[in-house]
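Okay, here's what each chain looks like letter by letter:
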Amino acid sequence: ALGDIFGLGGSSFISRLFGEKKFEDAKRISVFSFYGAIVCGVVVTVVLMLLRSPILGLLGASEATWEYASQYYTCIALGAPFIIVALTPSNQLRTEGFATASMIGSVLGAVVNIILDPVMIFGLGWGAAGAATATVIGNVCTDIFFVWFLIKKSRNLSVNPKGFHISGAEIGAVFAIGIPASVTNLMQSIGIALTNRALLGFGDDKVAAMGIVMKINMIAALVLVGFAFGGQPLIGYNYGAKNRERLMKTLKLSLLTAVVIMTIGLIVFQVFPGQIMSIFSATDEMLQMGKSAMRLLSLCFIPAAFGIVFSTLFQALGFGTYSLLMTLLRQLIIILPAAWILSKFLGVTGVWLAYPLAEIFSLTCAFFFFSRIYKRQIKTIPLQSEKKA
């Protein structure tokens, strides 16, 4: 979440600068974002280590899981700078058209993680700490690849601080998107943490089942996010270039792709929840609860498809506050109160029902925000035929 301050904040600003043909300005913003991410990562490490116990409690760690959660948490906290830095060039490379390089860097880290996981968990006997260490090392490899690529291949992005300067207005432009994007993702993490705590009263197995379901749900969500973020630099570029036709074509294609992907996800989650849950080490009770949870969560998929695309649109155009408001309304106004109230009457099922209710409410807000932006910002851009005339 905190990596988005410089990852999404920087890439949104850079894509608009590219559209305005301000390539040197974009390069300076990329330098600021890279070193800003390093500083942010160090600060995060210090804060996480100082507040380890209260944060673990907030995340829902119980007496039975505290030791393992603490091992994993500590390694991830120490590796925070590498994780946060990796998110910056992975977002910014797409603005220059290097989507493949962004994918290679991310996949490289994931592959290293997968290879090292069994070695460190079982071979070295490090358990949960081994899993976290493998994750950090994977991100280190990703960082090395991205720095090499920026130095050798990129013409308009950089990590070279020589002659660097930046104005307060430019920093503000990065933070105007980055901070709302960061808070947006942070609120989602906090929402999951508080949901964990709501489930604690029903037993640790319910929390474990939720962890499995959320991981499965994340797979569908990340496929959607990948396509949505793929359109983000194109939207920002065309907005900066004042090309309304291409901007709207990109938006429509993003929406169509998102709906198709999530419709497939909805069908799979409704028809094959047991088969998917059985891939994980779930008890019979966790399996039954997980099947019910997957079916209920999949009801979020179609409204979530629209919501994520509109959220990336707002970020690309420089209206990150709208994305933030969508998340705050979803998490604070709907999910948390609804989960608490419904759980009193429907038990665990009530917790899951809060999610589709929240997505529908969030989508309503997204349509309202988009109508405002379209009337005031997009519709006022002259069409190419009008410019020629």
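Keep in mind that what you see is a predicted model, and the values were worked out from it rather than measured.

Draft legend 1. Molecular detail of the overall build of the protein chain. When you go through the protein chain residue by residue, the secondary structure sums to 16 helices and 0 strands. For 389 residues, the compact-globule estimate of 2.2 N^0.38 gives 21 Å, and the protein chain sits close to it at 21 Å. If you line up the protein chain on its principal axes, its C-alpha atoms span 70 × 45 × 35 Å. Residues classed as buried in the protein chain amount to 49% of the 389 residues present.

Draft legend 2. Structural detail: the nonpolar core. In this structure, Leu-313, Phe-314, Leu-317, Trp-352 and Phe-370 are the most contacted members of the largest nonpolar core, which totals 52 residues. Mapped onto this core, the elements with two or more residues apiece are helix H9 (204–240), helix H10 (244–271), helix H11 (273–277), helix H12 (284–297), helix H13 (301–317), helix H14 (320–346) and helix H15 (348–378). When sequence neighbours within four positions are dropped, the list of residues in contact with Leu-313 reads Ile-235, Leu-251 and Phe-370. Among the nonpolar cores identified, the runner-up in size contains 26 residues, and Phe-6, Phe-13, Phe-34 and Cys-40 belong to it.

Draft legend 3. Broad picture of the packing of aromatic side chains. Counted by the stated rule, this structure contains 21 aromatic pairs. Ring centres of Phe-310 and Phe-314 lie 6.4 Å apart, and the angle between their planes is 15°; on these two criteria the pair is classed as stacked. On the criterion of helical spacing, the pair formed by Phe-310 and Phe-314 is a turn pair, its members being 4 residues apart in helix H13. Each member of the aromatic cluster is reached from another via a ring pair, and the members are Phe-306, Phe-310, Phe-314, Phe-319, Tyr-322, Phe-367, Phe-368, Phe-369, Phe-370 and Tyr-374.

Draft legend 4. Here's a closer look at the layout of surface pockets. Approximately 210 Å³ is the volume found for the second largest pocket. Around the second largest pocket, the lining residues are Ile-216, Ile-219, Ala-220, Val-223, Ile-261, Ile-264, Gly-265, Val-268, Phe-269, Ile-276, Ile-279 and Phe-280. Considering every element that reaches the lining of the second largest pocket, the biggest residue donor is H10, with 5 residues. For the lining of the second largest pocket, the per-class residue count stands at 11 nonpolar, 1 polar and no charged.

Draft legend 5. Region of the structure containing the environment of Val-46. Looking at the element boundaries, Val-46 is found in helix H2 (residues 23–50). In the structure, Val-46 is positioned 32 residues away from Leu-78 in sequence and 8.4 Å away in space, judged by C-alpha atoms.

Draft legend 6. Geometry of unusual backbone geometry. Residues other than glycine seldom take positive phi values, yet Lys-21 does so here, at roughly 65°. Relative to the helices and strands, Lys-21 is located in the loop between helix H1 (4–19) and H2. The exposed category is assigned to Lys-21, whose relative accessible area is 52%. Positive phi is not limited to glycine here, since Lys-242 has a value of about 60°.

Draft legend 7. View of the pattern of salt bridges. Scanning the entire structure with this criterion turns up 3 salt bridges. Where salt bridges share partners, they join Asp-25, Arg-28 and Glu-170 into one cluster.

Draft legend 8. Just the side chain of Thr-74, in detail. Structurally, the position occupied by Thr-74 is in helix H4 (residues 66–78). Assessed through its relative accessible area of 16%, Thr-74 is described here as buried. At 2.8 Å, the side chain of Thr-74 and the side chain of Arg-52 are in polar contact.

Draft legend 9. Inspection of the side chain of Ser-11 at higher detail. Examined against the element boundaries, Ser-11 turns out to sit in helix H1. Residue class for Ser-11 comes out buried when judged on its relative accessible area of 4%. When sequence neighbours within four positions are dropped, the list of residues in contact with Ser-11 reads Phe-6, Asn-91, Gln-92 and Thr-95.

Draft legend 10. Just the confidence of the model for the protein chain, in detail. Averaged over the protein chain, the pLDDT score is 83; the fraction of residues at 70 or greater is 93%. Within the protein chain, the element-level pLDDT minimum falls on helix H16 (residues 384–388), averaging 57, and the maximum on helix H7 (residues 128–152), averaging 92.

Draft legend 11. Summary view of H10. Its 28 residues give H10 an end-to-end C-alpha distance of 41 Å, which sits within 8% of 40 Å, the value for a rise of 1.5 Å per residue. Taken as a whole, H10 has its buried residues at Arg-244, Leu-247, Met-248, Thr-250, Leu-251, Ser-254, Leu-255, Ala-258, Ile-261, Met-262, Gly-265 and Phe-269. A side-chain oxygen of the first residue of H10 lies 3.5 Å from the backbone nitrogen of Glu-245; this N-cap is Asn-243.

Draft legend 12. Summary view of the packing of H4 against H7. At their nearest, the axes of H4 and H7 sit 8 Å apart, and the two run at 20° to each other. On the basis of the axis angle, H4 is roughly parallel to H7. Seen from above, H4 lies across H7 with right-handed handedness. When H4 is examined against H7, the residues Tyr-68, Gln-71, Tyr-72, Cys-75 and Ile-76 are found in contact with a partner set consisting of Ala-128, Ala-129, Ala-131, Ala-132, Thr-133, Thr-135 and Val-136. Class assignment of the residues belonging to the contact of H4 with H7 gives a composition of 9 nonpolar, 3 polar and no charged.

Draft legend 13. Fine view of the environment of Leu-324. With respect to the helices, strands and loops of the structure, Leu-324 is situated in helix H14. The spacing of Leu-324 and Ile-179 is 145 residues in sequence and 8.9 Å in space, taken between C-alpha atoms. Leu-324 has contacts with Pro-180, Val-183 and Thr-184, leaving out every residue within four places of it along the chain.

Draft legend 14. Region of the structure containing the packing of H1 against H13. It is the contact of H1 with H13, at a shortest axis distance of 8 Å, that shows an interaxial angle of 65°. Facing Leu-8, Ser-12 and Arg-16 of H1, the residues of H13 in contact are Gln-315, Ala-316 and Leu-317. Grouping the amino acids of the contact of H1 with H13 by side-chain chemistry returns 3 nonpolar, 2 polar and 1 charged.

How each quantity is defined
Residues numbered from 1 in each chain as written. Predicted model: local features only at pLDDT ≥ 70, side-chain atom pairs only at ≥ 80, totals over all residues. Heavy atoms only, no water. Helix = DSSP H or I, 4+ residues; strand = E, 2+ residues; numbered from the N terminus. Rg over C-alpha atoms; globule rule 2.2 N^0.38 Å. Buried < 20%, exposed > 50% of the residue type's maximum accessible area, 1.4 Å probe, protein only. Core = buried A, V, L, I, M, F, W, Y, C linked by side-chain atoms within 4.5 Å. Contact = heavy atoms within 4.5 Å. Phe/Tyr/Trp six-rings, centres within 6.5 Å; stacked < 30°, edge-to-face > 60°. 1 Å grid on protein atoms, 1.4 Å probe; cavity = no way out; pocket = protein on both sides within 12 Å on 5 of 7 lines; lining within 4 Å. Points joined across faces, edges and corners; volume = space filled by probe spheres on them. Nonpolar A, V, L, I, M, F, W, Y, C, P; charged D, E, K, R; others polar. Salt bridge = Lys/Arg side-chain N within 4 Å of Asp/Glu carboxyl O. Polar contact = N/O pair within 3.5 Å; in protein donor to acceptor, adjacent residues only side chain to side chain. pLDDT = per-residue confidence, 0-100. Expected span 1.5 Å × (residues − 1). Axes fitted to C-alpha atoms, helices over the stretch in contact; angles between N-to-C directions. Parallel < 35°, antiparallel > 145°, perpendicular 65-115°, else oblique. Left-handed = near helix turned anticlockwise from the far one by under 90°.

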